[in-house]
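What follows is the residue order along each chain.
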Amino acid sequence: MTFEKTPGWLDWYAGPSKPAFTPPPGAVDAHCHVFGPGDQFPFAPERKYTPCDASKDQLFALRDHLGFARNVIVQATCHGADNRAMIDALKHSQGRARGVATVKRSVSDAELAGMNAAGVRGVRFNFVRRLVDFTPKDELMEIASRIAPLGWHVVIYFEAVDLPELWDFFTALPTTVVVDHMGRPDVTKPVDGPEFSLFLKFMREHANVWSKVSCPERLSLSGPPALDGERAAYRDVVPFARAVVEAFPDRVLWGTDWPHPNLKDHMPDDGLLVDFIPHIAPTAELRKKLLVDNPMRLYWPEE
């Protein structure tokens with residue numbers, strides 16, 4: 001089966017630079033995706049976009065080039081609840097990748113057990129309306145209660161303005177909860193303003209809540225972008241991410257978000273994107289927690 005990319009779709013950056021920052025040994029890219037390839041793993045009929053192909057082999061080559069040891073591969077919305085491409089990547093990773101799946105209420109216990117054996121350690125609930133149609137909260141809560149005995153966690157993707165509406169649901173989840181991309185704050189607003197302060201309160205009052213301090217390329221409005229040798233990109237995002245890292249050093253994760261789905265403005269050089277890390281985690285101790293200790297504790301606790 002062949003697929004036509006969504007018009008205007010930006011392909012991932014070919015030939016990324018080598019980061020100036022060297023990740024610590026054992027570093028984990030804790031948020032990335034695989035797309036297809038579509039002729040092998042077809043995209044979901046209900047998808048809201050059709051991406052370029054981005055294979056497991058290309059992902060693992062990027063991991064090695066950037067100086068990371070492992071990946072956490074998050075199910076992409078273009079594949080819906082068909083997790084085959086993600087699970088195939090896990091099975092070919094030689095134990096160096098874990099996964100976050102998308103599942104429906106109809107998933108069987110045997111299917112969950114099979115995913116667990118393959119390396120899936122969480123499920124993702126997406127509340128970004130332009131990307132997916134909301135799944136009813138009672139269905140999501142049922143899924144969360146079924147994965148809790150496996151030791152899995154829930155990953156939630158939402159936008160900052162929706163946190164008040166979703167607060168009661170999120171705080172009732174019976175698992176560790178990992179927030180994608182700091183809940184997408186509006187970085188034109190003050191870091192100490194009410195919107196981001198509510199997110200910090202959410203983390204402060206609920207010790208089971210973690211956050212990914214990833215995707216500055218999505219959040220930034222003034223840049224500069226991670227292109228053309230820029231080693232201090234997305235400066236408007238730095239205060240937000242650094243605030244989370246310094247307040248909750250044991251509950252933060254970082255990832256590339258390769259291959260950067262649905263970016264409209266530019267496609268970052270992933271090598272320069274890695275150089276964002278020391279700006280938000282200014283000490284070696286914070287960087288080791290962010291890149292090694294925390295993701296290993298969540299995704300490879302047996303080690």
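The following refers to the structure shown. (Residues numbered from 1 in each chain as written. Predicted model: local features only at pLDDT ≥ 70, side-chain atom pairs only at ≥ 80, totals over all residues. Heavy atoms only, no water.)

1. A closer look at helix H11 (residues 284–299)
Under the 1.5 Å per step criterion, the end-to-end length of H11 is 22 Å for 16 residues, consistent within 8% with the ideal 22 Å. The sharpest bend along H11 measures roughly 40° and falls at Leu290. Taken residue by residue, H11 has Leu286, Arg287, Lys289, Leu290, Leu291, Val292, Asn294, Pro295, Met296, Leu298 and Tyr299 as its buried positions. (Helix = DSSP H or I, 4+ residues; strand = E, 2+ residues; numbered from the N terminus. Expected span 1.5 Å × (residues − 1). Bend = angle between axes of the 7 residues up to and from the residue. Buried < 20%, exposed > 50% of the residue type's maximum accessible area, 1.4 Å probe, protein only.)

2. What to know about the packing of helix H4 (residues 137–147) against helix H5 (residues 163–172)
Relative to each other, H4 and H5 sit at 20°, their axes nearing to 10 Å. In terms of orientation, H4 and H5 fall into the roughly parallel class. In this structure, the crossing between H4 and H5 has a hand that is right-handed. For the pair formed by H4 and H5, the contact residues are Lys137, Leu140 and Met141 on the first element and Glu165, Leu166, Phe169 and Ala172 on the second. Of the residues that constitute the contact of H4 with H5, the class distribution is 5 nonpolar, no polar and 2 charged. (Axes fitted to C-alpha atoms, helices over the stretch in contact; angles between N-to-C directions. Parallel < 35°, antiparallel > 145°, perpendicular 65-115°, else oblique. Left-handed = near helix turned anticlockwise from the far one by under 90°. Contact = heavy atoms within 4.5 Å. Nonpolar A, V, L, I, M, F, W, Y, C, P; charged D, E, K, R; others polar.)

3. Some thoughts on the sheet that holds strand S8 (residues 252–253)
Strands sit in the order S1-S2-S3-S4-S5-S6-S7-S8 across an open sheet of 8 strands; the sheet is parallel. With partners counted over all chains shown, the strands left at the sheet margins are strand S1 (28–32) and S8, one partner each. Here strand S4 (residues 120–126) runs beside strand S5 (residues 153–157); their pairing, made up of 5 bridges, is parallel. Paired with Phe125 across the two strands is Ile156, which belongs to S5. (Pairing = 2+ DSSP bridges.)

4. A look at the nonpolar core
Of all hydrophobic cores here, the largest spans 98 residues; its most connected members are Phe125, Ile156, Phe199 and Trp254. Looking at which element gives the most residues to this core, the answer is H11, with 7 residues. Not counting the four nearest positions on each side in its chain, Phe199 is found in contact with Phe158, Leu163, Val179, Met182, Gly183, Ser211 and Val244. (Core = buried A, V, L, I, M, F, W, Y, C linked by side-chain atoms within 4.5 Å.)

5. A closer look at the packing of aromatic side chains
The full count for this structure, using the stated rule, is 15 aromatic pairs. Ring geometry for Trp9 against Tyr49: centres 5.2 Å apart, planes inclined by 15°, an arrangement best described as stacked. Pair noted here: Trp9 is in the segment before S1 and Tyr49 is in the loop between S1 and helix H1 (56–66), with a separation of 40 residues, a long-range link. Here a set of aromatic residues connected by ring pairs shows up, and it is made of Phe127, Phe158, Trp167, Phe169, Phe170, Phe196, Phe199, Phe202 and Phe240. (Phe/Tyr/Trp six-rings, centres within 6.5 Å; stacked < 30°, edge-to-face > 60°.)

6. A few points about the environment of His33
Following the sequence through the fold, His33 ends up in the loop between S1 and H1. For the pair His33 and Asn71, spaced 38 residues apart in the sequence, the C-alpha separation amounts to 9.3 Å. When residues no more than four places from it in sequence are discounted, the contact partners of His33 are Leu59, Ile73, Val74, Gln75, Ala76, Arg124, Asp257, Trp258, Pro259 and Pro261. Within the local environment of His33, its side chain forms a polar contact with the side chain of His31, the two groups lying 3.4 Å apart. (Polar contact = N/O pair within 3.5 Å; in protein donor to acceptor, adjacent residues only side chain to side chain.)

7. Description of the pairing of S4
When you tally the buried positions in S4, you get 7 out of 7 residues, the bulk of the element. In the sheet, strand S3 (residues 97–101) pairs with S4 via 3 bridges, with the strands oriented parallel. Counterpart to Gly99 in the pairing with S4 is Val120. The handedness of the S3 to S4 crossover, carried by helix H3 (residues 109–118), is right-handed. (Right-handed = clockwise from strand over helix to strand, strands pointing away.)

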